[in-house]
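A look at the structure
Next come the chains, spelled out residue by residue.
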Amino acid sequence: MRAVVCRAGELTVEEVPTPQPGRGQVLLRVLRSGICGSDLHARVHCDATAQVSSEVGYDAFMRSGQSVVMGHEFAGEVVSYGPGCRKRWAPGTPVVSLPMIRHGDEAHMTGLSESAPGGYAQFVLVSEDMTFEIPEGLSVEEAALTEPMAVAHHAVRRGEVGRRDVAVVIGCGPIGLAVITMLKADGVRTVIASDLSEGRRALAARVGADIVVDPAETSPFDRCAEVGGYVTQAQDLLGTAFDAMRTLRRIPLAPWSSLFRIADRLGATPKGPVVFECVGAPGMIERIVTDAPFRSRIVVVGVCMEPDTFRPAMALNKEHELRFVFVYDPAEFYETLQMIAEGKVDVAPMITATVGLDGVAAAFDALGTAEHHAKVLIDPMSEIDSL
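Definitions and limits used
Residues numbered from 1 in each chain as written. Predicted model: local features only at pLDDT ≥ 70, side-chain atom pairs only at ≥ 80, totals over all residues. Heavy atoms only, no water. Domains from an automatic or database assignment. Contact = heavy atoms within 4.5 Å. Buried area = accessible area lost by both parts, 1.4 Å probe. Salt bridge = Lys/Arg side-chain N within 4 Å of Asp/Glu carboxyl O. Polar contact = N/O pair within 3.5 Å; in protein donor to acceptor, adjacent residues only side chain to side chain. Helix = DSSP H or I, 4+ residues; strand = E, 2+ residues; numbered from the N terminus. Nonpolar A, V, L, I, M, F, W, Y, C, P; charged D, E, K, R; others polar. Pairing = 2+ DSSP bridges. Buried < 20%, exposed > 50% of the residue type's maximum accessible area, 1.4 Å probe, protein only. Axes fitted to C-alpha atoms, helices over the stretch in contact; angles between N-to-C directions.

Segmenting the protein chain into domains produces domain 1 (2-134 + 347-378) and domain 2 (148-324). Between the C-alpha centres of domain 1 and domain 2 there is a distance of 33 Å. Of the residues lining the interface, 18 residues belong to domain 1; the matching set on domain 2 comes to 18 residues. Between domain 1 and domain 2 the total buried area reaches about 1,400 Å² when both faces are included, carbon and sulfur atoms providing 68% of it. At the junction of domain 1 and domain 2, the tally comes to zero salt bridges. There are one residue pair in polar contact (both at pLDDT 80 or more) connecting domain 1 and domain 2. Tallying contributions element by element places helix α1 (residues 37-55) first for the side of domain 1 that touches domain 2, with six residues. Of the residues assigned to the side of domain 1 that touches domain 2, the class counts are eight nonpolar, seven polar and three charged.

Here it is in structure tokens:
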């Protein structure tokens, strides 16, 4: 079969053996595969990530000296089954799958490991237990976005965003746009999006952002403070304590400490917005920690594969809460597929181009600077070789 192979940062189209399904595995013909931002990072920074992965117990993350077929966002059709399968679907059935597969007792990350070739190819192996049929009426193009949208679904759930909270999305690349889409699907009333790219700001507005800013001209956190009335100065935070005590201690026969706790539970005490870092570049966490209002919840979604620093004292003084998110569980993946199929989540505006296998290398190069692109899909049968 033909596949795009990454080796030492170079992407080349090569003839490689068609994989054979093992126990519990299904062979799919790839219909569409998405280029992920983490693939762009892994192409050049995989060794650093592989070291971290090894330290947490996964030794098979791709390294620069290996030959890896990337691609962990894909939709395909069933071709054949390995032994031990229940053969749930007839050949030709369109499906999507979580990008993970098991060889013996070892699990592997599809498209990010030499041991689990991914969807930048004509065929890919998946686990039958991790595979789901694409609902009738849903296109394979839209279904191929199930994986990145599941990442956003997981991030929004971990962010615990209330409908009346203000959500701030920093970075409107594919993952930022996915987070905006999922926030609006969850009913969050005010979403502020920030990106230096005019084209990506336009896409952010298309997928539902209520306020879109160019951070070179306007701080998203200034707009956030205006809209949500959040505290941005220490004196203001301290002042609320004095004001609250002055009011509560004038209430006769009432235990002021109990009233204070009730007010806190009802949200009357100062709180911050929920901020989603969707850039994944060194320095972004420090910038958000420094600029965000007091008591912000910061959800780090962007994949930064390089060492980074921020000032813990700043986060401490402002009582920020940091949460890091990575992947999703099978239920979140399935829920995302259903949300797309039911029209609760519109992913069509995010698909900005399609290329064939011969166009993948050029697409990688272009995506580093292309301001008007979000999700580029790969059609292994297409002859399109440039964006």
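All right, on to the pairing of strand β2 (residues 10-15) then. As judged from the six bridges shared by strand β1 (residues 2-7) and β2, these two strands associate in the antiparallel manner. Its bridge partner lying in β2, Arg-2 is registered against Glu-15. Counted along the chain from β1 to the antiparallel partner β2, the turn is two residues long, and its residue Ala-8 has a positive phi close to 55 degrees.

Bringing the pattern of salt bridges into the picture now. Evaluated as defined, the whole model comprises 20 salt bridges. Between Arg-7 and Glu-14 there is a salt bridge; the shortest N-O distance is 3.2 Å. With a closest N to O distance of 3.4 Å, Arg-297 and Glu-321 form a salt bridge. Linking Arg-297 in strand β14 (residues 297-300) with Glu-321 in strand β15 (residues 321-324), this pair joins segments that are 24 residues apart in sequence. Classification of Glu-321 as partly exposed rests on a relative accessible area of 30%. Here the residues in one salt-bridge network are Glu-160, Arg-297, Glu-321 and Arg-323, joined through shared partners.

Looking now at the sheet that holds β14. What the six strands build is an open sheet, ordered β12-β11-β10-β13-β14-β15; its pairing is parallel. Sheet topology places β12 (211-213) and β15 at the edges, where each strand pairs with a single neighbour. Averaged over all pairs of adjacent strands, the angle between their axes in this sheet comes to 20 degrees, without regard to strand direction. Across five bridges, strand β10 (residues 166-170) lies against strand β11 (residues 190-194) in parallel orientation. Of the residues in β11, the one forming a bridge with Ile-170 is Ser-194.

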